[in-house]
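Each chain, letter by letter, is given below.
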Amino acid sequence: MLDTLTFLLEKLFLLAHIKLSSLLPPLGVECAEPPPTSKRCDREDSPPLPASASHRFQRGDLLEVPRTLFTHFGIYLGDDRVAHLIPDILPALTADIRQIEEMVTNTRLLVGVIAKRASVRVDSVEDFAYGAGILLNAMDRSVRKSPLAGEEVALRAERLVGTVAYSLLWNNCEHFVTYCRYGTAQSLQTDKFCEWLKLLIRDQRNAMLTALLGLLSMAYMGISVSTALPAFLIPFTLWMAS
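Residues numbered from 1 in each chain as written. Predicted model: local features only at pLDDT ≥ 70, side-chain atom pairs only at ≥ 80, totals over all residues. Heavy atoms only, no water.

1. Some details on the overall build of the chain
Let me state the cut-off plainly: The helix count covers DSSP runs of H or I at least four residues long, the strand count covers runs of E at least two residues long, and both are numbered beginning at the N terminus. The classification of residues rests on relative accessible area computed with a 1.4 Å probe and restricted to protein chains. Under 20% of the type maximum is buried, over 50% is exposed, and intermediate values are partly exposed. Residue contacts are counted whenever heavy atoms from the two residues lie within 4.5 Å of one another.
Looking only at helices and strands, one finds ten helices and six strands in the chain. Relative to its 242 residues, the chain shows a buried fraction of 36%. Partitioning the intrachain contacts of the chain with sequence separation of at least 6 by distance along the chain shows that 70% fall at a separation of at least 24.

The following block contains the structure:
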């Protein structure tokens, strides 16, 4: 039973963390028009660095780990330490510091997502990277605000270490690092998702599609309150919002 639950949670987590930028249609201008000589929205000019290159990081740097299905962010504190916000259920279950400080397993992380519990913790660069390459301050190209001084960034991160509430869209690791480095919590991926969601809702074809699916569900499962009510309300809501 536990194995089945873990498998389902893994699928949910992976689907929820799919890189939205790779799935969303272009929304026009992706960022402010850059000066002719410098910042671009793409990150192809910043090859990932290995975790062993931590000697190149400065206190307060924003580290970004691009992974296959999601992106993780952290703030470099110096001395091979990274502060990062990660979903974790264990601090809500035990006060044993030794257990909590162990590397967060997938099961701990997945249950933390569902329970909306997380912690800002400090790990080594190697544990933070988890075998992936690291982008250094790549978000500076996309965020319009200038970064704060490195020491202020690191102090903000250190003050937030501990248990926090978690939300996939409204309080994730990207919100944490943007608050620390730029003074305002935001998530570029969440912003893109909301824009995409508005486009989806405004498309009247989606209302027609959901109405068709509702009719098919009633034809397959029979007409009842549990099938007829969603079959009517969902298409009606989408139609009125479009």
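We are not done yet, so read on.
2. Let's talk about the sheet that holds strand β5 (residues 135–136)
Rules: One bridge is not enough; two strands pair if DSSP finds at least two bridges between them. Note on geometry: axes are lines fitted to C-alpha atoms, helical ones only across the stretch in contact, with angles between N-to-C directions running from 0 to 180 degrees.
As summarised here, the arrangement of the six strands in space is β5-β1-β2-β3-β4-β6, forming an open sheet in which the pairing is antiparallel. Of all the strands in the sheet, the pair left with one neighbour each is β5 and β6 (162–165). Note that strand β4 (residues 117–124) and β6 share four bridges and pair antiparallel. Pairing of Ala118 across the sheet is with Val164, part of β6. Taken strand by strand, helix α4 (residues 106–115) contacts β3 (81–87) and β4, and its axis lies near 55 degrees from that of β3.

3. Quick look at the environment of Gly74
Inspection of the secondary structure puts Gly74 in strand β2 (residues 71–78). Classification of Gly74 as buried rests on a relative accessible area of 0%. The sequence separation of Gly74 and Leu63 amounts to eleven residues, and the corresponding C-alpha distance is 5.1 Å. If near-sequence neighbours (up to four positions away) are discounted, Gly74 is found in contact with Asp61, Leu62, Leu63, Val82, Ala83, His84, Phe128 and Val177.

4. Focus: the UniProt feature "active site" (unreviewed entry) in the chain
For the record, the criterion: UniProt positions are given in the numbering used here, feature names are shortened, and annotations may be inferred rather than shown by experiment.
As recorded in UniProt, the feature "active site" (unreviewed entry) lies at Cys173. Note that Cys173 resides in helix α7 (residues 173–182). On the accessibility criterion, Cys173 (10% relative accessible area) is buried. Residues contacting Cys173, with those up to four places away along its chain left out, are Thr71, His72, Phe73 and Leu85.

5. A few points about the packing of helix α6 (residues 150–159) against α7
Heads up, the condition is: Should an angle fall under 35 degrees it is taken as roughly parallel, and over 145 as roughly antiparallel, whereas 65 to 115 is taken as roughly perpendicular and any remaining angle as oblique. Each crossing gets its handedness from the near helix: less than a right angle anticlockwise from the far helix is left-handed, clockwise is right-handed. Ten residues, namely Ala, Val, Leu, Ile, Met, Phe, Trp, Tyr, Cys and Pro, are considered nonpolar, four, namely Asp, Glu, Lys and Arg, are considered charged, and the remaining ones, Gly among them, are considered polar.
Interhelical geometry of α6 versus α7 gives an angle of 140 degrees and a closest axis separation of 7 Å. When the axis of α6 is compared with that of α7, the two are oblique. The element α6 and its partner α7 pack so that their crossing is right-handed. Across the interface between the two elements, Val153, Arg156 and Ala157 from α6 touch Phe176, Tyr179, Cys180 and Arg181 from α7. A class-by-class count of the residues in the contact of α6 with α7 yields five nonpolar, no polar and two charged.

6. Focus on the confidence of the model for the chain
Convention followed: Residue-level confidence of the predictor, termed pLDDT, takes values from 0 up to 100.
Per-residue pLDDT for the chain averages 76, and the proportion of residues at 70 or more is 67%. In the model of the chain, helix α2 (residues 20–23) stands out as the element of lowest mean pLDDT, 39, in contrast to α6, which has the highest, 97. The model gives residues 1–44 a pLDDT under 50, and that stretch makes 51 contacts with residues more than four places away or in other chains.

7. Re the packing of aromatic side chains
How we decide: For Phe, Tyr and Trp, rings pair up if their centres lie within 6.5 Å, where Trp contributes its six-membered ring, and each pair is then called stacked (planes under 30 degrees apart), edge-to-face (over 60) or tilted (otherwise). Charges are assigned to positions over rings by a cutoff of 6 Å between ring centre and Lys NZ or Arg CZ, combined with an angular limit of 35 degrees from the ring normal.
Within this structure, the stated rule accounts for one aromatic pair. Plain terms: the ring middles of Phe57 and Tyr76 are 5.5 Å apart, the flat faces sit at 75 degrees to each other, and that makes the pair edge-to-face. A residue pair is termed long-range when its members are at least 10 positions apart, and Phe57 in the loop between α2 and β1 (62–66) and Tyr76 in strand β2 qualify at 19 residues. Sitting above the plane of the Tyr179 ring, Arg156 keeps its charged end 4.6 Å from the centroid.

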